[in-house]
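Single-letter residue listing:
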Amino acid sequence: MSSSFFLKPGAAKQANKKRKNIAAKAKKGVTKPGKRTQNAAAPPPKKQRRAKVDDEEIASDDDEYGSEVDGDALTFSADEAEEAETPQDKRLRLAKQYLSEIERQEAERAEDRELSKSIEQRLQTEYLDSVGRLRRNIAGNIKSCIIESNLKHKLHHTPLCALALSADGKYLYAGAKSQYVLRWCTESGKVLGKCDVLPHREEPETGKKRRSHVIAICLSSDMKFMAIAEGGLHIQIWCPQTMKHVKTFKGHRDNVSALVFRKGTHELYSAAKDRSVKIWSLDELAYVESLFGHQTAVTSIDALSRERAITAGGSDCSLRIWKITEESQLIYNGHKDGIECVKLINDEHFVSGGVDGAISLWSALKKKPICTTQLAHGKGDNAVANWITAIAVVVNTDLIATGSCDGCVRLWQANPNARKLQQMNSISIGGFINGLTFNADGTKLYVAVGQEHRLGRWWRHKDARNNIVVVDIKLQSTTSK
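Criteria and cut-off values
Residues numbered from 1 in each chain as written. Predicted model: local features only at pLDDT ≥ 70, side-chain atom pairs only at ≥ 80, totals over all residues. Heavy atoms only, no water. Helix = DSSP H or I, 4+ residues; strand = E, 2+ residues; numbered from the N terminus. Contact = heavy atoms within 4.5 Å. Areas by Shrake-Rupley, 256 points an atom, 1.4 Å probe, with all protein chains shown as cover. Pairing = 2+ DSSP bridges. Axes fitted to C-alpha atoms, helices over the stretch in contact; angles between N-to-C directions. Polar contact = N/O pair within 3.5 Å; in protein donor to acceptor, adjacent residues only side chain to side chain. Core = buried A, V, L, I, M, F, W, Y, C linked by side-chain atoms within 4.5 Å. Buried < 20%, exposed > 50% of the residue type's maximum accessible area, 1.4 Å probe, protein only. Patch = residues over 30% accessible without salt bridge, like charges linked within 9 Å, V, L, I, M, F, W, Y side chains within 5 Å. Salt bridge = Lys/Arg side-chain N within 4 Å of Asp/Glu carboxyl O.

**Observations regarding the overall build of the protein**
Logical step 1: Per the secondary structure count, the protein includes 3 helices and 30 strands.
Logical step 2: Here the analysis covers contacts within the protein between residues at least 6 apart in sequence; of these, 49% occur between residues at least 24 apart.
Logical step 3: When the accessible surface of the protein is summed, it comes to about 28700 Å², and 50% of that surface belongs to carbon and sulfur atoms.

**A look at the sheet that holds strand β25 (residues 408–415)**
Logical step 1: The strand order β23-β24-β25-β26 describes an open sheet built from 4 strands, whose pairing is antiparallel. Only two strands of the sheet have a single partner each, and these edge strands are β23 (390–393) and β26 (420–428). Between one strand axis and the next, the sheet turns by 25° as a mean value, whatever way the strands run.
Logical step 2: Where β25 and β26 come together, 8 bridges link them in antiparallel fashion. Within β26, the position partnered with Arg-410 by the bridge is Ser-426.

**Some remarks on the side chain of His-453**
Logical step 1: As for its placement among the helices and strands, His-453 is situated in the loop between β28 (444–450) and β29 (467–475).
Logical step 2: Within the structure, His-453 has its side chain in polar contact with the backbone nitrogen of Leu-455 (distance 3.0 Å).
Logical step 3: Residues in contact with His-453, not counting those within four places in the same chain, are Lys-177, Glu-340, Trp-387, Thr-389, Phe-432, Asn-434 and Trp-458.

**A word on the nonpolar core**
In summary, soluble globular proteins display a tendency toward joint burial of nonpolar side chains.
Logical step 1: Residues Leu-411, Ile-429, Leu-436, Phe-438, Leu-445, Val-447 and Val-471 are the most contacted members of the largest nonpolar core, which totals 22 residues.
Logical step 2: For this core, the secondary structure elements donating two or more residues are β2 (142–151), β23, β24 (399–403), β25, β27 (432–438), β28 and β29.
Logical step 3: Once you skip the residues sitting within four places of it in the chain, Val-471 turns out to touch Cys-145, Ile-146, Ile-147, Glu-148, Ile-427, Ile-429, Thr-443, Lys-444, Leu-445 and Val-447.
Logical step 4: Of all hydrophobic cores here, the second largest spans 15 residues; its members include Ile-215, Cys-218, Ala-229 and Val-256.

**Description of a nonpolar patch on the surface**
Logical step 1: Side chains of Tyr-98, Leu-99 and Ile-102 sit close together on the surface and give an oily, nonpolar patch of about 310 Å² of accessible area.
Logical step 2: Among the structural elements, Ile-102 can be located in helix α3 (residues 87–131).

**A word on the environment of Lys-462**
Logical step 1: As for its position among the elements, Lys-462 is in the loop between β28 and β29.
Logical step 2: Placed 31 residues apart in sequence, Lys-462 and Gly-431 show a C-alpha to C-alpha distance of 8.3 Å.

**A word on the pattern of salt bridges**
When charged atoms on two side chains of opposite charge get close, those side chains can pair.
Logical step 1: Per the counting criterion, the structure on display carries 13 salt bridges.
Logical step 2: Ionic pairing is found between Glu-148 and Lys-444, a salt bridge with its closest N-O pair at 2.4 Å. Of this pair, Glu-148 sits in strand β2 while Lys-444 is found in strand β28, placing the two residues 296 residues apart along the sequence.
Logical step 3: Ionic pairing is found between Glu-452 and Lys-177, a salt bridge with its closest N-O pair at 3.1 Å. With Glu-452 in the loop between β28 and β29 and Lys-177 in the loop between β4 (171–176) and β5 (180–185), this pair connects stretches of sequence that are 275 residues apart. Like Lys-177, Glu-452 is buried.
Logical step 4: Salt bridges here are not isolated pairs; linked through shared partners, they connect Glu-148, Lys-444, Asp-472 and Lys-474.

**Some thoughts on unusual backbone geometry**
Logical step 1: Of note, Leu-285 is a non-glycine position whose phi angle comes to about 50°, a positive value.
Logical step 2: Looking at where Leu-285 falls in the secondary structure, it is placed in the loop between β13 (276–281) and β14 (286–292).

**Details of the sheet that holds β13**
Note: strands within a sheet are paired through backbone hydrogen bonds, in either parallel or antiparallel orientation.
Logical step 1: Strand order in this open sheet of 4 strands is β11-β12-β13-β14, and the pairing throughout is antiparallel. On the outer flanks of this sheet lie β11 (256–261) and β14, each paired with one strand and no other. Pairs of neighbouring strands in the sheet enclose a mean axial angle of 20°, with direction left out of account.
Logical step 2: Examined bridge by bridge, strand β12 (residues 267–272) and β13 share 5 bridges and lie antiparallel to one another. Looking at β13, one finds that Leu-268 is bridged to Trp-280.

Next up, the structure:
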């Protein structure tokens, strides 16, 4: 035993008390079998189990085993993927995702930018076209010029004199040295209708009889009115769709020589051999006013969208731009002989052709031509220049077509900045070229051909045919400026 010397004071007494307490507790907990004392400790309450539902599915051992295996496999594969992807691979994957998102956003923005750019370009084109400042260079893109077809009808067995093409290019109206105006379908090449000007012609009280002669035709932009100069003093107004007569305008004192509608309006300008230019309102079917200034018969007239008209004075060798609202006029002189025809390229430039065989390019800001091409269609058998009988332009472009009696229609490129007219192509067509007209995009050229000049019978080409020649012009591309 250990000596009490090594114990703390009172340690033996505390040990004896502990032993006594343990023995007393043991005696109280002992009871006889089958009997329970009141002081006996009750057994701990059993846990209540939840009642099982009869139709509850009990998983089999195989399912439990399979689920445990699958869970372990998934856990293992995920852990393996996490362990396989290094921080560098993760950064690379996130960078690729970021770049793909940027590409998608930039593609959407590019589509929006392209759409807005196309809208802006269209609005700009429409605005420039409305103010007459649209510029397109198509003459340099001509690939070929081929005669596509010939339009001929028995009612037009005489020389063709005038052409007018609808704004959409679907219908062509033609007049000849006869009393009929024919309406052609440009797609099928068939005649859709005709009108006879003879019953509506009113002769002055002179007792002289004359031959019917449709010398000029023009159409309004909306195809509601067609004006016809039938070789006399009056202007007949027809409906181009129904080919019915509407009105006859009287006022000129000599034969009407040229007609034109102001673009987008029902305002009609007429020129005649009485040296006057008259303005008519088709909305009211009434006369408006007269313009005077030329010294000889007015041979040609043209107009665009502005309230201005340009005329050729024939033998007085002058061109005049009439500022109708300002009630003033601008005079241009340049040709050596009479001026036969004039056409506006745009509101700032125009081209003219004369009896002297010259073609002149003009600027509205200068009194003299920018450039002049002498003997544009050569000389005839009598060593006299072949005079320019017809001119056509594609408005707001650099493409010009001219005709004479030398057996060729020539295409020119107008370059006002370089001050030159350059011939681009030549189309062989025999006879007198009495009328020329382009469609809107310059891919079709319609030529009125006759054995005689539209104003007289000074010469006659017996080998020529009185018909309409359709020329197909192939363009590589068209660019806007």
